[in-house]
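Architecture and fold: a report
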Number of protein chains: 2
Amino acid sequence: MTGLRAQKKADKNRRILAAATSLFRDVGYDSARIEDIADMAGVSVGTFYNYYKNKGDMLMATVSMEVEEVLTSGATLIAHNHLDVGRAFADLIGKYYDHSLTYLSKEMWRTAMSLSIAQPDSPFSKRYTALDHRLSKQVCDLVRNLQTRGIVRKDVDCDAVGEMVFNNVNMMFIEFVKDEELDIAGLKSAVARQNAPLASLITV
Amino acid sequence: MTGLRAQKKADKNRRILAAATSLFRDVGYDSARIEDIADMAGVSVGTFYNYYKNKGDMLMATVSMEVEEVLTSGATLIAHNHLDVGRAFADLIGKYYDHSLTYLSKEMWRTAMSLSIAQPDSPFSKRYTALDHRLSKQVCDLVRNLQTRGIVRKDVDCDAVGEMVFNNVNMMFIEFVKDEELDIAGLKSAVARQNAPLASLITV
DNA sequence: GAAAAATATTGAATGGGTTCATTTTTTGAG
DNA sequence: CTCAAAAAATGAACCCATTCAATATTTTTC
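Residues numbered from 1 in each chain as written. Chains lettered and ligands numbered in written order. Predicted model: local features only at pLDDT ≥ 70, side-chain atom pairs only at ≥ 80, totals over all residues.

1. A closer look at the overall build of chain A
Here is the rule we go by: A run of H or I in DSSP becomes a helix once it reaches four residues, and a run of E becomes a strand once it reaches two; helices and strands are each numbered from the N terminus. The exposure label follows from counting other C-beta atoms within 10 Å of a residue's C-beta, where the C-beta atoms are placed from the backbone and the thresholds are 20 or more for buried and 12 or fewer for exposed, leaving partly exposed in between. Think of it this way: build a C-beta for each residue from its backbone, and any pair within 7 Å is a contact.
When its secondary structure is counted, chain A shows nine helices and zero strands. Expressed along its principal axes, the backbone C-alpha trace of chain A runs to roughly 65 × 45 × 30 Å. Of all 204 residues assigned to chain A, the portion counted as buried reaches 38%. Looking at chain A alone, contacts between residues at least 24 apart form 66% of all its contacts between residues at least 6 apart.

2. Here's the deal with the interface of chain A and chain B
Where the parts come together, the accessible area they lose is often given as the size of the interface. Where we set the bar: In this classification, Asp, Glu, Lys and Arg are treated as charged, Ala, Val, Leu, Ile, Met, Phe, Trp, Tyr, Cys and Pro as nonpolar, and every other residue, Gly included, as polar.
Facing the 28 residues of chain A at the interface are 28 residues of chain B. Looking at the side of chain A that touches chain B, the elements with two or more residues in it are α6 (106–118), α8 (158–178) and α9 (184–202) of chain A. Among the elements that take part in the side of chain A that touches chain B, α8(A) stands out by supplying 11 residues, more than any other. Its residues placed into classes, the side of chain A that touches chain B shows 16 nonpolar, six polar and six charged.

3. Describing the protein's contact with DNA strand D
The cut-off we apply is this: Only the C-beta atom matters for nearness: placed from the backbone, it must lie within 6 Å of the molecule or strand for the residue to count as near.
Neighbouring DNA strand D are 22 residues; Arg33(A), Asn54(A), Lys55(A), Ser44(B) and Gly46(B) lie closest to it. Broken down by secondary-structure element, the contributors of at least two residues to the surface near DNA strand D are α1 (4–27), α2 (34–41) and α3 (45–51) of chain A together with α1 (4–27) and α3 (45–51) of chain B. Partitioning the surface near DNA strand D into residue classes produces six nonpolar, eight polar and eight charged.

4. So, the protein's contact with DNA strand C
Around DNA strand C lies a shell of 21 residues, among which Ser44(A), Gly46(A), Leu4(B), Arg33(B) and Asn54(B) are the nearest. Put simply, the parts of the chain that give the surface near DNA strand C at least two residues each are α1 and α3 of chain A together with α1, α2 (34–41) and α3 of chain B. Among the residues making up the surface near DNA strand C, the classes are represented as six nonpolar, seven polar and eight charged.

5. Let's talk about the relation of the copies chain A and chain B
Just so we agree on the cut-off: Superposition of the copies was done by least squares, using only C-alpha atoms of residues whose pLDDT is at least 70 in both.
Overlay of chain A on chain B (RMSD 0.1 Å): rotation 180°, translation along the axis 0.0 Å. As the rotation angle and translation indicate, the two copies are arranged about a two-fold axis. Distance from the rotation axis, computed per C-alpha, reaches its smallest value in chain A at Ser114(A): 2.2 Å. When the interface residues of chain A are mapped onto chain B, 100% of them again lie at the interface, so the same face is used by both copies.

6. Quick notes on the UniProt feature "domain: HTH tetR-type" (unreviewed entry) in chain A
We count it as follows: UniProt positions are given in the numbering used here, feature names are shortened, and annotations may be inferred rather than shown by experiment.
The residues that UniProt annotates with the feature "domain: HTH tetR-type" (unreviewed entry) are residues 10–70 of chain A. In the segment residues 10–70 of chain A, helix accounts for 80% and strand for 0%; the C-alpha atoms at its two ends are 26 Å apart.

7. Comments concerning the UniProt feature "DNA-binding region" (unreviewed entry) in chain A
Per the UniProt entry, the sites bearing "DNA-binding region" (unreviewed entry) are residues 33–52 of chain A in this numbering. Across residues 33–52 of chain A, the secondary structure splits into 75% helix and 0% strand, with the terminal C-alpha atoms separated by 14 Å.

8. Focus on the domain arrangement of chain A
All names here are of chain A. For the record, the criterion: Where each domain begins and ends follows an automated or database-derived domain assignment.
In terms of domain boundaries, chain A breaks down into domain 1 (1–52) and domain 2 (55–202). Domain 1 and domain 2 are separated by 31 Å when their C-alpha centres are compared. Counting residues at the interface gives nine residues for domain 1, matched by nine residues for domain 2. In terms of residue count, the dominant contributor to the side of domain 1 that touches domain 2 is α1 (five residues). Taken together, the residues of the side of domain 1 that touches domain 2 sort by class into six nonpolar, two polar and one charged.

Spelled out as structure tokens, the structure:
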């Protein structure tokens, strides 16, 4: 009657998540063995697999959290009354990039991206891709908002522009996580430079 | 005195390459076991590893061939006297996409991309990234060429535009290889639509 | 409250990429 | 031709993620 089962389950889930997060950050994703995670969580290897489909699935919990928060913070920003297209892009993209390393390391991002490309039919990839699309839509929404408010030319295809800007943001982020040397400031300024022509030309 | 050693080496290398290419295409990259490749080539597993650093390294031979040919065919196209920016983009990008599945399957592309992100310090990734940069430069060159010939506005940053267009091409290609349903015609038209605003606005 | 059913845990076994100590082959000097 | 050194080939052993049949625990039924 206590829901003992559910209680234990929740507890174990918490312990496994904590152990994995800690080890991923500590020794890196690749070096964190399932056995180590299970040991640290006080369960067996088999139990780990009852809670998570596989090692990559573990990452999604964290990736998901990271991106959901990014989306939320982006949504509030879109409502602002931006006066300048380039500035608006920089603000939104800045929010994305600034938040990106809150829960995930570069290595964890690389692994997540790598998995989502390598196994596109896995639930992992599906979820990752869905998050990407929501981010892309958000950039499109920003462009549409600017157009409605008369800042962007009436004759531009907002989705086309939004998707192009987002794809560029994404690709540059891949380059960023591939190189431990690069920092967020450099990333931002490179993207701002790339955005400049488009931003200025679509401005009324 | 015959250079017997060198001769055998070249022969084995050829046999391993042929076996791997054939199996990757036939049963897919993941299902092709090193043991199978070695068997088909008539060598031992250990010998495979004397010739290729690892399984992913095998792919690079093919990826490299594919991209080198794409670069060559792109280079001749840049010299043409394009009159329309959108058309010029579509022609170059079309060449890239049309050639992309000559030697590689979508699965092989996914694996190659996935590896290049997951292990950025590996020789594999370095080579892959270098090829990507050359492609990006080629798009920049096209924009510069159009600007020199008075078709693109004098005040645009050709590299910024070129990089943005290429990054979008690349990201869309990732989406393409992630989904076995998508075809090249659809890919081309989606990218053309995304390019349209930028192409029209940078035109004199 | 005892037995049956449902659910969860376990760790040894599996599979495939990669390594490495040992063996075989080739080369070149005498 | 002979033999020692160099180069190449070999496959059993290793590492880890993942699976699964056996075991243990919790819940439900009567």
